[in-house]
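Close look at the chain arrangement
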Amino acid sequence: MAVFDTPQEAFGALRPVCVQLTRAQTVENVARLQAHLAAVSASALQELQEYVLFPLRFALKVPGPKQERLVQSVVQCVSSVLAATCVKKQELLQELFSELCTCLSPPSGSGRPAPLSEELKLAVIQALHTLMHSAYGDVILSLYQPSTLPLLGFAVSLLLGLAEHEKAKQIKISALKCLQVLVLQCDCQEHRHLDEDETQQCGDLFASFLPGISITLSRVITGDIKQGHKPTVSAIRLFYLIVGSVMADAQLARIPKNKEKLPAEQSRISELTVHRGPDWSKSTAEKLSLLLHKMVEFSSVHPHWKVRLELVELVHHLLRNCSQSLVDSFSHLLKALVGLVNDENSEVQSRCNEVLQGIAEQRIVAQNRALADVLSENLHSLATALPRLMNSQDDTGKVSTLSLFLGYLKLLGPKINIVLNSTSHLHRLSKALMQVLELDVTDVKIVEDRRWGCESACRPSGSLQHGVQKGRRQKKYFRFFTEEKVLQLLQQVCRVLGYYGNLYLLVDHFMGLYGESGMYRKQAAMVLNELIAGAAGVGVDVLQEREVSLNTDDLKGSITSILDEYTDQANWYLITSIDTEEISHERSVQHSGLTPRPGACSSILLPSPELHVTTRTMNSNIWQICIQLEGVGCFAAVLGKEFRLLLLSALYPVLEKAGDKTLLISETALGTLVDICEACSYDSLQRLINENSDYLVNGISLNLRQLAHQAHASQVLDTMLRHSDASLLPLVEDVIQDVLSTLDQSYNNQASTFLRVLHSVMAALVQWFGSSCGEKHRQRQAAEWQSRTLSQGQQMVTRQEVERFFLDYVRQKQIAEGNLPDAGDEEADEIPPLAKLEPNDSATEGETSLPSHAQLAKDVMERCIHLLSDGNLRVRLKVLDVLELCVTVLHPHGNHLLPMAHRVWPALVTRLISDDPLAVLRAFKVLCTLAQKCGDFLRQRFSKDVLPKLTSSLLSQAPASARAGPVYNHTLAFKLQLAVLQGLGSLCEKLDMGESDLNKVADACLIYLSAKQPMKLQEAAQSVFLHLMHVDPDSTWLLLNEVCCPHQYEPPHTSLRPVKLSGMGRQRNEFTDNVLLLLERLQQRE
């Protein structure tokens, strides 16, 4: 169809169909007009707009009932004309607006929309939407005059009715969008921007509709969730746009106090208008607060994320435009906004953070005291309810509650001191944190886990530092929550308080709680640690920078006061074990002259001597020390190199705890030391100790002279030795000599304490010197054995050598039977008497002086000889441990080791023969070490003094272990049997035992090859025979074949008698499996 570009051509084409429609209002005529309109250009149709609209308007005005199809087609045709043209006359706009609204008007007397089809309703709404968009320039404002208020009210009520009562989702959404256009809040950018006066005028008009609109929209928002999310989103958007327009602070500020008097002819209209004065705005704000509270509660938990996202926009819009007029509503709005920070949807989270950031940057809260008061009251009420909520909610609820708490603090920002300066607010806030952060101190494992001295003695300090860095903070278990996210939020709460708050006020308040009761001490220490971190800006997440940055001197002053309190005697030396020695040490410190100030320590930390110390108390004390140690590490990280000035008071106590026997405390202290290294720019723990060793050694020396502090000084020395190198030895040598002289004067009282120090010293010497010397010695022995083996392998066996072998064998046998008079001389060649060695030893000692570390080991060994017979079992066990280390250090210096071994032998034999099984076990271990280092020097002594007792003990215990059940493996008797069997073989080999002694050992161990014995004892017995194979393979082969002989041996010649062994032809028995296994191993060796 041709397009009509000129008005004349278009008029000629449209006139017949317009006349026809005017005469007969039918659907067909409307359709014909619609078809002709498609061929008319927009410019031509603009000229003929009123002409074309006349028949359509006439069709709507014809009295009498009309078909819905006709009305729908007419409305759609009107909509298409309006979409292609602009309405330039005010009268036409108002008349069309009225006529379209009439299409939706209900029957007289009915409050609901007319029972029309959904298609017609949708068409009328669309036509109204198009009409509002087609109004030209200022023409649209003619609709927003006081005189048109009834018409606007009519349209608003119709559209609200459709939005609330219609079931069809599309109608609801279209009605809400049409309302949005009607209140001049359209999302599109086509409309002319209104100036201040026009905005003010429209706000006055819309104020009349605000109650109806807000109430209806709140019902739509909180309606059935089955309506879907789109109507809810549209309703929320319309709500905050209309409320933000009518209640805008900028508009309300320009409203005069008294209502202007209108002319008499407008008096009826004036009754419909609202004066937005202070009384009205206050009353309206109170009513809106109720609606907003209801809407926020519903929308914040809506399952669809777009509804929650629109709620964020609502808060943002109202806070930006109505922060003063709706200040009472922000209690609910900010709660919703802060609560959505942790929304499951990333878009909601992101937008929420942006809005919060914008609020902070625009200083909305900082510049609005009323809003700050609302937030502080919210914070107070939430702090009051926090312990109850943390006790009753699940982990998700706890995270939400704490996120809300943290959000309030972040929004307050610099205004947080409003809360802190109020005594009731600060008291409520601090008590809430104290209750929520309560630790679970029921775990017995915390108390049971102990650090043994040998665990890290051989570990290099570098690897230890690397290991500590991986998991620096100890995992804590809290009474009211288990989720890690909850703890992170609580840490952020404390850090935000420290970042914005008055640090002196906060530190003073929480230090008061720290000293007030043992119940709050751990929580207060945790809060203080986080406050300092927050004050320094470490790991704190805030919305805006603080107004005044913190002075370093102020920070250092606060840290110093906290550090002094942490390391006070009453708070540092707490009972952490039921070890009687440790309890006596702690009590002696707490009751010594260095007592804390009165009232500084509660009864839970200073039990009276008669008070029974419970596991809970010890657990609580352990955690308190750990938290304080973490605090020292935190302070070091905060101050950086400035912390070097505090090392004088902080390093010594931390080193004490690094040597503590409680595993959790020692690990935490090591983590703190690593923190100090990083903060103070020490590249290793070793360097930290060495560079500060002067005053550390001085402190150790002074404290060793005080009975109450000897144990703690020994812990410091132990830590220094374990984590340093040989360069430390000259620095601590004088201290060690002081320890030895003090030990000489107080064997009875303080032996246990000093032995701990000596054990640390000797373990360090083994670590620094023992391994290298031992390795060289082993390499030298291996080289000698290899050269000897090679030389033997290269020689050809001659007839004379075979003859000499048998002659020597016969002679040795005669000597063994005592048939020759020169047996004593031969034996003298075998066993070097000590009388001949001792003069040589002294001569050698004069010729070559010992290195300092070896001399130290010799001095310590001297003391061990005297203490081996101490009446206290614990002391004897420690002495044996130290003795073993001394032997290892002196090993390369045989001329000095052998005389010392001779002197220690009688006391050691006593420990082996007639002592507690624990001491026997430890003494046997020392014996094995001595044999390894001294070799055949101990052969005769071992054979005469120890071997008979060991073999008889093994033989007597064998029947018991053979018939015992699986529980026997956990008994001390079993452990003793196992240790003897595991060490006996190597002893025989190292001491180069004679044939008769080897036979005794073999006879004693043979019974343990029985399948009735526990498997570990069988394996240990096998190891004995494997060693015997090295010493005397022939005798071992013969003994085993006497028990079980798997082969028949035929003589190579008839003149020789057949070989008969006891084990031949025997049936399978309990020894068979192990004997066959050993014979197979022996054959493989050959």
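Each remark here, short or long, concerns the structure printed above.
Please read all numbers here as calculations on a predicted model, not as lab measurements.

Some remarks on the overall build of the protein chain
Counting secondary structure elements, the protein chain contains 50 helices and zero strands. Out of the 1086 residues in the protein chain, the part that is buried amounts to 53%. Within the protein chain, counting contacts between residues at least 6 apart in sequence, those at least 24 apart form 77% of the total. Split by element, the accessible area of the protein chain, about 50,200 Å² in all, is 52% carbon and sulfur.

Description of the environment of Phe58
You can see Phe58 is positioned in helix H4 (residues 49–61). When near neighbours in sequence (up to four residues on either side) are disregarded, Phe58 contacts Thr22 and Gln25.

Overview of the pattern of salt bridges
On inspection of all chains with the given rule, the structure shows 29 salt bridges. One salt bridge connects Glu166 with Lys121, and the closest N-O pair in it is separated by 2.4 Å. Pair noted here: Glu166 is in the loop between helix H8 (149–165) and helix H9 (169–182) and Lys121 is in helix H7 (residues 118–134), with a separation of 45 residues, a long-range link. Here the two residues Glu166 and Lys121 agree in accessibility, since each one is buried. Salt-bridge contacts for Glu630 lead to Lys476; the nearest nitrogen and oxygen are separated by 2.8 Å. Residue Glu630 is located in helix H30 (residues 615–639), and its partner Lys476 is located in the loop between helix H23 (461–470) and helix H24 (484–500); the two are separated by 154 residues in the primary sequence. Each member of the pair, Glu630 as well as Lys476, is classed as buried. Here the residues in one salt-bridge network are Arg57, Lys61, Glu95 and Glu99, joined through shared partners.

Observations concerning helix H5 (residues 68–84)
The end-to-end C-alpha separation of H5 is 24 Å, in line with the 24 Å expected for 17 residues at 1.5 Å each. Taken together, the buried positions of H5 are occupied by Leu70, Val71, Gln72, Ser73, Val74, Val75, Cys77, Val78, Ser79, Val81 and Leu82. Along its buried surface, H5 packs onto helix H2 (27–37), H4, helix H6 (90–104) and H7.

Focus on the side chain of Ser142
Here Ser142 is to be found in the loop between H7 and H8. Classification of Ser142 as buried rests on a relative accessible area of 6%. Side-chain polar atoms of Ser142 contact the backbone oxygen of Val139, separated by 2.5 Å. With sequence-adjacent residues up to four places away left out, Ser142 is seen in contact with Gln90, Leu93, Gln94 and Thr148.

Overview of unusual backbone geometry
Unlike most non-glycine residues, Leu184 shows phi in positive territory, near 60°. Looking at where Leu184 falls in the secondary structure, it is placed in the loop between H9 and helix H10 (196–221). Positive phi is not limited to glycine here, since Asp992 has a value of about 55°. For Asp992, the location among the structural elements is in the loop between helix H46 (972–991) and helix H47 (995–1006). The exposure class of Asp992 is partly exposed, given its relative accessible area of 45%.

Comments concerning the state of the cysteines
Under the definition given, this model contains zero disulfides. In this model Cys18 remains outside any disulfide bridge; the closest cysteine sulfur is found in Cys77, 8.8 Å from its own.

Description of the packing of aromatic side chains
Enumeration according to the criterion identifies nine aromatic pairs in this entry. Between the aromatic rings of Tyr514 and Tyr566, the centroid separation amounts to 5.8 Å while the plane-to-plane angle is 45°, which identifies the pairing as tilted. Remark: Tyr566 occurs in helix H27 (residues 552–566) and Tyr514 occurs in helix H25 (residues 503–516); sequence separation between them is 52 residues. In this pair, the class of Tyr514 matches that of Tyr566, namely buried. Ring centres 5.9 Å apart and planes at 80° place the aromatic pair Tyr968 and Phe974 in the edge-to-face group. The exposure class assigned to Tyr968 is buried, which follows from its relative accessible area of 12%. By relative accessible area, which is 3% here, Phe974 ends up buried. An aromatic cluster is present here, built from Tyr514, Tyr566 and Phe635 joined pairwise through their rings. The ring of Tyr514 is capped by Arg521, whose NZ or CZ atom sits 5.4 Å from the centre of that ring. One cation-aromatic arrangement involves Arg546 over Tyr499; the distance from NZ or CZ to the ring centre is 4.2 Å.

Overview of the environment of Ala931
Secondary-structure assignment places Ala931 in helix H44 (residues 917–934). Of the residues examined, Ala931 reaches a relative accessible area of 1% and is grouped as buried. Sequence separation between Ala931 and Ser986 is 55 residues; the distance between their C-alpha atoms is 8.7 Å. If we ignore the near neighbours within four places in the chain, the residues touching Ala931 are Leu938, Leu987, Lys990 and Leu991.

Here we look at a positive patch on the surface
Side chains of Lys169, Lys177, Lys230 and Lys306 sit close together on the surface and give a patch of like positive charge. As for its position among the elements, Lys169 is in helix H9. Its relative accessible area of 42% is what places Lys169 among the partly exposed residues.

Considerations on empty space enclosed by the protein
Within the structure shown, the criterion is met by four cavities of 30 Å³ or more. Taken as a whole, the largest cavity holds about 70 Å³ of empty space. Lining the largest cavity are Glu995, Leu998, Asn999, Ala1002, Phe1025, Leu1028, Asp1032, Ser1035, Thr1036 and Leu1039. Looking at the lining of the largest cavity, the elements with two or more residues in it are H47, helix H48 (1015–1031) and helix H49 (1033–1043). Looking at the lining of the largest cavity, the element that brings in the most residues is H47, giving four residues. Its residues assigned to classes, the lining of the largest cavity comprises five nonpolar, three polar and two charged.

The rules behind the values
- Residues numbered from 1 in each chain as written.
- Predicted model: local features only at pLDDT ≥ 70, side-chain atom pairs only at ≥ 80, totals over all residues.
- Heavy atoms only, no water.
- Helix = DSSP H or I, 4+ residues; strand = E, 2+ residues; numbered from the N terminus.
- Buried < 20%, exposed > 50% of the residue type's maximum accessible area, 1.4 Å probe, protein only.
- Contact = heavy atoms within 4.5 Å.
- Areas by Shrake-Rupley, 256 points an atom, 1.4 Å probe, with all protein chains shown as cover.
- Salt bridge = Lys/Arg side-chain N within 4 Å of Asp/Glu carboxyl O.
- Expected span 1.5 Å × (residues − 1).
- Polar contact = N/O pair within 3.5 Å; in protein donor to acceptor, adjacent residues only side chain to side chain.
- Disulfide = S-S within 2.5 Å.
- Phe/Tyr/Trp six-rings, centres within 6.5 Å; stacked < 30°, edge-to-face > 60°.
- Lys NZ or Arg CZ within 6 Å of the ring centre and 35° of its normal.
- Patch = residues over 30% accessible without salt bridge, like charges linked within 9 Å, V, L, I, M, F, W, Y side chains within 5 Å.
- Lys, Arg positive; Asp, Glu negative; His and termini not counted.
- Charge placed at Lys NZ, Arg CZ, Asp CG, Glu CD.
- 1 Å grid on protein atoms, 1.4 Å probe; cavity = no way out; pocket = protein on both sides within 12 Å on 5 of 7 lines; lining within 4 Å.
- Points joined across faces, edges and corners; volume = space filled by probe spheres on them.
- Nonpolar A, V, L, I, M, F, W, Y, C, P; charged D, E, K, R; others polar.

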